[in-house]
Amino acid sequence: METPSNTPANRNPYLWEQAKKRVEFKQHLRTYVLINAAIWTIYLALTFFVDRRIGRFPWPLFMTLSWGIGLVSHYLSVYWQGNGPDPIEREYQRLQQSR
């Protein structure tokens, strides 16, 4: 049975949220790899089997790079900024200890 915050009973809500974010990132990465592999395969197939003029400019590069920027941003938000407590919580704890 899950609580209203979508955290199952007997689970740490913070860790549960982190686990969800990491699974979402892994799904995002898998989708990125699969879609980009398909797009590059289409590009190469068109270039080598249909018309070499198509391959003059690597048009899938736009999608790979732009989506890659979003993927790196997603990675940083999950694995770098999301590893510790909230900055506001840390500051609150510091203030509470200094009293």
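Trainee: Explain the overall build of the protein here, please?
Mentor: A tally of helices and strands in the protein yields three helices and zero strands. Listed N to C, the secondary structure of the protein is α-α-α in terms of helices and strands. Evaluated residue by residue, the protein yields a buried proportion of 15% over its 99 residues. At a minimum sequence separation of 6, the contacts of the protein that also span at least 24 residues come to 61%. Surface accessibility of the protein: about 8000 Å² in total, with carbon and sulfur atoms responsible for 64%.

Trainee: Where do I start with the pattern of salt bridges in this structure?
Mentor: It is possible for side chains bearing opposite charge to pair when their charged atoms get close. In the structure shown here, the tally under the stated rule is one salt bridge. In this structure, Asp51 engages Arg53 in a salt bridge whose closest nitrogen and oxygen atoms are separated by 2.8 Å.

Trainee: What should I look at first to understand the environment of Tyr79 in this one?
Mentor: With respect to the element layout, Tyr79 can be found in helix α2 (residues 60-80). Counting along the chain gives 57 residues from Tyr79 to Arg22, while the straight-line C-alpha distance between them is 7.7 Å. In this structure Tyr79 touches Arg22, Phe25 and Lys26, once residues within four positions along its chain are discounted.

Reading guide: rules and limits
Residues numbered from 1 in each chain as written. Predicted model: local features only at pLDDT ≥ 70, side-chain atom pairs only at ≥ 80, totals over all residues. Heavy atoms only, no water. Helix = DSSP H or I, 4+ residues; strand = E, 2+ residues; numbered from the N terminus. Buried < 20%, exposed > 50% of the residue type's maximum accessible area, 1.4 Å probe, protein only. Contact = heavy atoms within 4.5 Å. Areas by Shrake-Rupley, 256 points an atom, 1.4 Å probe, with all protein chains shown as cover. Salt bridge = Lys/Arg side-chain N within 4 Å of Asp/Glu carboxyl O.

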